[in-house]
There are 2 protein chains.
Amino acid sequence: MDANSIGIVETKFFTFAQPPNEMHLESGVKLGPITLAYETYGQLNERGDNALLITHALSGDAHVAGYYSPNDPKPGWWDFMVGPGRPFDTNKYFVVCSNVLGGCKGSTGPTSTNPATGKPYNLNFPVVTIGDMVKAQRELVRHLNISKLHAVVGGSMGGMQALEWAIKYPDMVAAALPIATTSRLNAQGIAFDEVGRQAIYADANWKNGDYSDYNLIPAQGLSVARMLAHITYLSEESMHEKFGRRLQEKERYGYDFSTDFEVESYLRYQGESFIKRFDANTYLYISKAIDYFDLSRDYGSLENAFKNVQAKFLVLSFTSDWLFTTAQAKEIVRALMVNGKHVTFCEIPSNYGHDSFLLRNACMEKMIADFLSYANA
Amino acid sequence: MDANSIGIVETKFFTFAQPPNEMHLESGVKLGPITLAYETYGQLNERGDNALLITHALSGDAHVAGYYSPNDPKPGWWDFMVGPGRPFDTNKYFVVCSNVLGGCKGSTGPTSTNPATGKPYNLNFPVVTIGDMVKAQRELVRHLNISKLHAVVGGSMGGMQALEWAIKYPDMVAAALPIATTSRLNAQGIAFDEVGRQAIYADANWKNGDYSDYNLIPAQGLSVARMLAHITYLSEESMHEKFGRRLQEKERYGYDFSTDFEVESYLRYQGESFIKRFDANTYLYISKAIDYFDLSRDYGSLENAFKNVQAKFLVLSFTSDWLFTTAQAKEIVRALMVNGKHVTFCEIPSNYGHDSFLLRNACMEKMIADFLSYANA
């Protein structure tokens, strides 16, 4: 744990939307009570306007930085970004991150108990959207007495939330930093998500979502979904550099269906470790929320979506990201410019594909730190 | 059926490698007897040197052109290329296509009866390579009294066979046309194949390959594998043009896990129709053969692989093919040039991704027809 680490942190929980005051979802369904798991680091100032809201990607959680205990082997998922002197400087900012509505890391989602039945929701959980996730976060932000967010920052699905925040609550967001994201998932992205879901449905242990009733886990289906998604998070270049065609602990081909190549072994490991930390039904719900995200559809056009935003924007993409490409980032930038909004854009050189935003990158770190310092000056 | 159709055709069968004269596979295993399903159109000339061998891709078969009956609703898979006056002009050429060794369309493969047990081979079938497929085709070519192939032509895995033919039997091949192919599968390609195989393994009906014993088919696993592969055969552009984010017969999102988007419906259809025409174990074997293909490994370097080729080459790639890219095609071209070989290369504009070679394309058709006419002049 180095001097810039935020140190020991804990996850907290906020429950709201108690019946009969349930939250109205975009689907028309009412949901409550709702719990959000969240973490905060640093101090909120008196004006309540120095908060950074970090929004997470598909499989993320509230634990963005720090350690749960002195012996915790691994810090939070964006630890290098958060702490005293780091880009999300906890000497300056009050950093907040919550697990999304629909998640499986402490927030209300398909694994939660359905108060109507006393059993897990499973597929009775309503389909939620990025808009619903943001609406729930709005309640948390109110609960924390934040008067205005200094910035909302997120990569991938987190970037979708950052866009949604700036549009839905324009007077609450001083700056928005959508990173490696898109204003709407394209057909290829929907296709990959659907194949992942089909892999889960195909697992005999899935039992139409009721696997927990049988003490089962659709491990193989979820693993296949994750392996597939993982390919889309990397780039061809980075896979070539990292694995090439190297064989896994053998000199010649096995001429069987065991593991021949390192890349196969790596992917299997990714699949197997994912099933220990994520839930299959939740994967269905979160991927569906991503598929549904479409600002053009919701607001008639992307230009129209940004008409009333007040936030200054920093839009970042990565050269080798083929899931949410620079071309898609530029659509956001163009629509903001058409509206005369303040927008800074940078395509950051990186070979690591979509996952680039999760890895240390001096250019990204400096751009973000500087933007946060100067955006509201 | 238009005037340029080859008309009614039939599939024939050739059996060889009868014990004790089994074929030696690259793995070291001996296999026999071996049957290849094949079709021929046109007439072999007296010198036996006007034959075109067409080699097929992963899920292809011997039925490259024509109809099985007057009422057959669908012609062979490359029908527009084969017939009188078409690029593979049956007035000039004797066209041959065989289902690969290891296939499930009439050739010996995992679904064939193992003479040692009287039951299907299933996973007791030996792993075969692209080299083994070509070695078996060599027997067919001998059987047909072909003295020299005017050309070997194939796309994707068919292109790998074309390369292998020109290298392994240099005096038998006057021209080689590897199309939308690579000299070795990259890490990303292996990764996609492995996820497809894992989807099949994950199907409870797979039963470690012995599903036929139970009268079962691992339909969902094979369907997931095909859906995934299908995404890699298309391009982001073509999916955007064809489907975009259009909804499938609905005005608003369903907020459930039925089909929302046209692209989902299309993919499901692709998966479902594939399971009716292809075998799951065969999918494992053929994808493994593709993964193993690596001319650099087999010959020390790609330059060295081409040292003794005599064929003239036409190498074709497609602009939007992200599975076997133009960069990979250029590696082949460069290695041929280093050896001072005759090579013509063209990157053909097409939005249809890897599958472009299976679709009508005036540039491709003309390049191939002209090359075949002039290559041996």
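Residues numbered from 1 in each chain as written. Chains lettered and ligands numbered in written order. Predicted model: local features only at pLDDT ≥ 70, side-chain atom pairs only at ≥ 80, totals over all residues.

Peer 1: Requested: an account of the relation of the copies chain B and chain A, with residues and values cited.
Peer 2: Mapping one chain copy onto the other needs a rotation about an axis and a shift along that axis. Of the transformation superimposing chain B on chain A, the axial component is 0.0 Å and the angular component is 180°, with the fit at an RMSD of 0.0 Å. Both copies are brought into coincidence by an operation consistent with a two-fold rotation axis. The residues that chain B uses at the interface reappear at the interface of chain A in 100% of cases, marking a shared surface. (Least-squares fit on C-alpha atoms with pLDDT ≥ 70 in both. Contact = placed C-beta atoms within 7 Å.)

Peer 1: Which residues make up the domain arrangement of chain A, and what are the values?
Peer 2: All names here are of chain A. Structurally, chain A comprises domain 1 (12-185 + 294-374) and domain 2 (190-287). Domain 1 and domain 2 are separated by 26 Å when their C-alpha centres are compared. Contacts between the two partners involve 23 residues from domain 1, matched on the other side by 19 residues from domain 2. When its residues are assigned to classes, the side of domain 1 that touches domain 2 shows 12 nonpolar, 10 polar and 1 charged. (Domains from an automatic or database assignment. Nonpolar A, V, L, I, M, F, W, Y, C, P; charged D, E, K, R; others polar.)

Peer 1: Quick one: what's the story with the sheet that holds strand S12 (residues 175-179) of chain A, residue by residue and with numbers?
Peer 2: All names here are of chain A. Spatial ordering of the open sheet is given by S1-S4-S8-S5-S11-S12-S13-S14, a layout of 8 strands whose pairing is mixed. Bordering the open sheet on either side are strand S1 (12-16) and strand S14 (343-348), each of which pairs with just one other strand. Strand-to-strand, the axes of this sheet are offset by a mean angle of 20°, without reference to chain direction. Alignment of strand S5 (residues 51-55) against strand S11 (residues 149-155), held across 5 bridges, turns out to be parallel. Bridging from a neighbouring strand, Leu53 pairs with Val152 of S11. (Pairing = 2+ DSSP bridges. Helix = DSSP H or I, 4+ residues; strand = E, 2+ residues; numbered from the N terminus. Axes fitted to C-alpha atoms, helices over the stretch in contact; angles between N-to-C directions.)

Peer 1: Before we move on, can you summarise the interface of chain B and chain A with the specific residues and values?
Peer 2: With 40 residues of chain B in contact, the opposing surface of chain A contributes 40 residues. Sorting the residues of the side of chain B that touches chain A by element identifies helix H3 (187-201), helix H4 (219-233), helix H5 (236-242), helix H6 (262-277) and helix H7 (280-292) of chain B as the ones contributing at least two each. Sorting elements by how many residues they give to the side of chain B that touches chain A places H3 of chain B first, with 10 residues.

Peer 1: Tell me about the pairing of strand S4 (residues 34-41) of chain A, and name the residues and values.
Peer 2: Residue and element names in this part refer to chain A. Of all 8 residues in S4, 6 are buried; the element is thus mostly enclosed. Alignment of S1 against S4, held across 5 bridges, turns out to be antiparallel. Residue Phe16 lies in a different strand from S4, and its bridge partner there is Ile34. Judged from the 4 bridges that link them, S4 and strand S8 (residues 94-98) form a sheet pairing that is antiparallel. Within S8, the position partnered with Tyr41 by the bridge is Val95. (Buried ≥ 20, exposed ≤ 12 C-beta atoms within 10 Å, placed from the backbone.)

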